[in-house]
Amino acid sequence: MASSKDYLAFVLEQLSDLDDISYRAMMGEYILYFRGKIVGGIYDNRLLVKPVPSAISLMPTVSYELPYDGAKEMLLVDDIDNKAFLRNLFLSMYDELPAPKKKRTTK
């Protein structure tokens, strides 16, 4: 099941206090970027984030879920109605996220 544009718009509104949030559509789902780093995504109308230590500590009763078959587990963010929590979550995760991969150039 693909994620709805309405859910994407809601999540983006909840993250509107943060600078440099972007997304990319990917096979009916959405990859979320924060300051150029992949922080998570929207899969089947669920906000999932990468399982970095700071996110795990902020969500001690978090459930691990698969975004799609064959993917690595991610953390389900339940408290998406709380803008302050989401802001704090993304800010605390940023330094632990891997740097974007360099794009290959073709000759």
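Since this is a predicted model, take the numbers as computed values, not measurements.

In terms of strand pairing, strand β1 (residues 21-26) meets strand β2 (residues 29-34) through six bridges, oriented antiparallel. When the sheet's bridge partners are listed, Arg-24 is paired in β2 with Ile-31. Counting the residues that bridge the hairpin from β1 to β2 gives two residues, and of these Met-27 lies at a positive phi of roughly 55°.

The strand order β1-β2-β3-β4-β6-β5 describes an open sheet built from six strands, whose pairing is antiparallel. The two strands at the open ends of the sheet, each matched to only one other strand, are β1 and β5 (64-65). Examined bridge by bridge, β5 and strand β6 (residues 74-76) share two bridges and lie antiparallel to one another. Bridge assignment links Tyr-64 to a residue of β6, and that residue is Leu-75. Its contacts with the sheet put helix α1 (residues 5-14) on β1, β2, β3 (37-43) and β4 (46-49), and the angle it makes with β2 is roughly 15°.

Moving on: α1. Every buried residue of α1 is accounted for by Tyr-7, Leu-8, Val-11 and Gln-14. Down the axis of α1, the smallest arc covering the buried residues is 125°, so these residues share one side. Of the exposed residues in α1, those oriented more than 90 degrees away from the buried face are Lys-5 and Asp-6.

Cut-offs applied
Residues numbered from 1 in each chain as written. Predicted model: local features only at pLDDT ≥ 70, side-chain atom pairs only at ≥ 80, totals over all residues. Heavy atoms only, no water. Pairing = 2+ DSSP bridges. Helix = DSSP H or I, 4+ residues; strand = E, 2+ residues; numbered from the N terminus. Contact = heavy atoms within 4.5 Å. Axes fitted to C-alpha atoms, helices over the stretch in contact; angles between N-to-C directions. Buried < 20%, exposed > 50% of the residue type's maximum accessible area, 1.4 Å probe, protein only. Arc of directions from axis to C-beta.

These results come straight from atomic positions and should not be treated as a statement about function.
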